[in-house]
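Residues per chain, in single letters:
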Amino acid sequence: MSFAQRLSGRPTCPAMLPRLLNTRAGQIGLLLLTLHLLVMLFAPWLVPYDFAAADSLATLQAPSTEHWFGTDQMGRDVLSRTLMGGREAMITTFPAALLAVAWGSLAGLFIALRGGRLEDLTLRLVDALLSIPWLLFMLLIISLAGPGPLVFIITLGFFYGIAVIRVVLTAAREVLCRDFVTAARLRGDGDFTLLRREVIPNVMDVILVEIAMRWSWMLLAFSSLSFLGFGVSPPTPDWGLMIADSRGFMSIAPWAVLAPIIALSSLIIAINLTSDALAKTLGIDKSSAVH
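Anyway, here's the lowdown on the structure attached to this text. Each residue is numbered by its place in its chain's sequence as written, counting from 1. Per-residue local features are limited, in this predicted model, to residues with pLDDT of at least 70; the limit for side-chain atom pairs, both in listing and counting, is 80 or more; totals at the level of whole chains, interfaces and linings are taken over all residues. Water and hydrogen atoms were dropped before computing side-chain values, which therefore reflect all heavy atoms in the structure.

A closer look at the overall build of the protein
Selection criterion: We count a stretch as a helix when DSSP gives it H or I for four or more residues in a row; a strand needs E for two or more, and each element gets its number in order from the N terminus. It only takes one pair of heavy atoms within 4.5 Å for two residues to be counted as in contact. Where accessible areas are quoted, they stem from the Shrake-Rupley method and a 1.4 Å probe; at the residue level, only the protein chains shown are allowed to cover. Positive residues here are Lys and Arg, negative ones are Asp and Glu, while His and the chain termini are left out of the count. Note on charges: their place is set at NZ of Lys, CZ of Arg, CG of Asp or CD of Glu.
If you tally the helices and strands in the protein, you get twelve helices and zero strands. The order of helices and strands in the protein, counted from the N terminus, is α-α-α-α-α-α-α-α-α-α-α-α. Dimensions along the principal axes, computed over C-alpha positions, put the protein at roughly 80 × 45 × 30 Å. Sequence-distant contacts, at least 24 apart, represent 72% of the contacts inside the protein between residues at least 6 apart. Surface accessibility of the protein: about 14,500 Å² in total, with carbon and sulfur atoms responsible for 68%. Of the side chains in the protein, 21 bear a positive and 20 a negative charge, and the two mean positions are spaced by 10 Å.

This is the structure:
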């Protein structure tokens, strides 16, 4: 831990979890998030039926002791598909969130260190890119490259990393103005040493919150792509795809739509609650983040 960190009083990683658990939002968020992660890991052994098995004699059945969440228009068990439906989204979006925050943070740190005209030009470019409807560009890229985990990770990671540049650049710029950074320069620390010892430890709290925030937004984007037919391919279960497939039967079989909606909503709520608690613990104003 650097001298600046000791002065700031920021909690270290080992001390962060107890502080998160001292807040109601942290408790609920971590509990829901842990539950979703356990379901994702053990879903193949938890599902009561084959998620792809169709039964024409059991279409649109209401919830019962045999099918707890009922069946969809093809007679597939909704509970099994809901339990399996979050795996693709979580496995794809979490690495994409890490990629977005990694390259966006590195770019923001480097540009903050250089400053001057490069910083002004970067901020103007970021503003221009943030004004573009990303979903349309993502649809175009996925249409050309084809759907696949690697395509989703790179596409989501690139577009969502653009906003991270501004957030980390702003945080790093505030750190670079501090006296302890000036002292480090005077004692001969180079740029790499300055970033490693003084800047990165003091913006790591912002980076951690960014990971949680970008992850929740990417889950919505991934589900939106699946809903539009550009996500995973049938019969692979996915919450967005399940909602799209069953929306036409919502008036007679709402359970087939409500189950994936509740699952997706609870995961996003879990991440947002955890993110809010983490930001509060670290003293970060989330309202300053750029979407």
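Some points on helix α10 (residues 191-227)
Since the α-helix packs 3.6 residues into each turn, any two residues three or four apart lie on the same face. Convention followed: By definition here, a helix of n residues has an expected span of 1.5 Å times n minus one. Bend at a given residue is defined as the angle between two axes, one fitted to the seven residues that end at that position and one fitted to the seven that begin there. Summary of the burial criterion: residues with accessible area below 20% of their type's maximum are buried, those above 50% are exposed, and those between are partly exposed, where the area comes from a 1.4 Å probe applied to protein chains only.
The terminal C-alpha atoms of α10 lie 46 Å apart, and with 37 residues this falls more than 12% below the ideal 54 Å at 1.5 Å per residue. If you look at α10, its biggest bend is around 50 degrees, right at Ile200, and the proline Pro201 turns up within four residues after that. Burial analysis of α10 places 26 of its 37 residues in the buried class, which makes it a mostly covered element. Just downstream of α10 lies Gly229, where phi reads positive at about 95 degrees.

Section: the packing of helix α3 (residues 24-46) against helix α5 (residues 87-114)
The condition is simple: All axes are obtained by fitting lines to C-alpha atoms, using only the stretch in contact for helices, and the reported angles, taken between N-to-C directions, cover 0 to 180 degrees. When an angle is under 35 degrees it counts as roughly parallel; over 145 it counts as roughly antiparallel; between 65 and 115 it counts as roughly perpendicular; any other value is oblique. Definitions for this section: a left-handed crossing has its near helix turned counterclockwise from the far helix by less than a right angle. A right-handed crossing has that turn clockwise. Polarity classes work like this: nonpolar for Ala, Val, Leu, Ile, Met, Phe, Trp, Tyr, Cys and Pro, charged for Asp, Glu, Lys and Arg, and polar for all others, with Gly in that last group.
Where α3 contacts α5, the two axes come as close as 10 Å, and the packing angle between them is 120 degrees. Here α5 runs oblique to α3, going by the angle between their axes. For the pair α3 and α5, the crossing hand works out as left-handed. Only Arg87, Met90 and Ile91 of α5 make contact with α3, whose side of the interface consists of His36, Leu37, Met40, Leu41, Ala43 and Pro44. Grouping the amino acids of the contact of α3 with α5 by side-chain chemistry returns seven nonpolar, one polar and one charged.

Focus on the side chain of Asp238
Selection criterion: For this document, the term salt bridge refers to a Lys or Arg side-chain nitrogen within 4 Å of an Asp or Glu carboxyl oxygen. In protein, a polar contact means a hydrogen-donor-capable atom and an acceptor-capable atom, both N or O and within 3.5 Å, with residues adjacent in sequence counting only if both atoms are side-chain atoms; elsewhere, any N or O pair within 3.5 Å suffices.
Among the structural elements, Asp238 can be located in the loop between α10 and α11 (239-246). One buried charged side chain, Asp238, makes no salt bridge at all; its nearest oppositely charged neighbour is Arg81, positioned 8.7 Å away. A distance of 2.9 Å separates a polar atom in the side chain of Asp238 from a polar atom in the side chain of Ser226. When near neighbours in sequence (up to four residues on either side) are disregarded, Asp238 contacts Gly85, Ala89, Phe222, Ser226 and Val232.

Description of the packing of aromatic side chains
Counted only if it meets this: Under the pairing criterion, centres of Phe, Tyr and Trp rings, with the six-membered ring standing for Trp, must be within 6.5 Å; the plane angle then separates stacked pairs below 30 degrees from edge-to-face pairs above 60, leaving the rest tilted.
Under the definition given, this model contains five aromatic pairs. With a centroid separation of 5.3 Å and 75 degrees between ring planes, the pair formed by Phe158 and Phe159 is classed as edge-to-face. Note on Phe158: relative accessible area 43%, which makes it partly exposed. In this structure an aromatic cluster arises from ring pairing among Trp103, Phe137, Phe158 and Phe159.

Description of the pattern of salt bridges
A complete count under the given rule lists six salt bridges for this structure. Note that Asp127 and Arg166 form a salt bridge whose closest N and O atoms lie 2.2 Å from each other. A residue pair is termed long-range when its members are at least 10 positions apart, and Asp127 in helix α6 (residues 116-130) and Arg166 in helix α8 (residues 149-176) qualify at 39 residues. A salt bridge links Arg187 to Glu198, with the nearest nitrogen and oxygen atoms 3.2 Å apart. Within this pair, whereas Arg187 is found in the loop between α9 (179-186) and α10, its partner Glu198 is found in helix α10, the two being separated by eleven residues in sequence. Residue Arg187 is classed as partly exposed on the basis of its relative accessible area of 46%.

Everything listed here is a matter of coordinates, which is why it stays silent on function.
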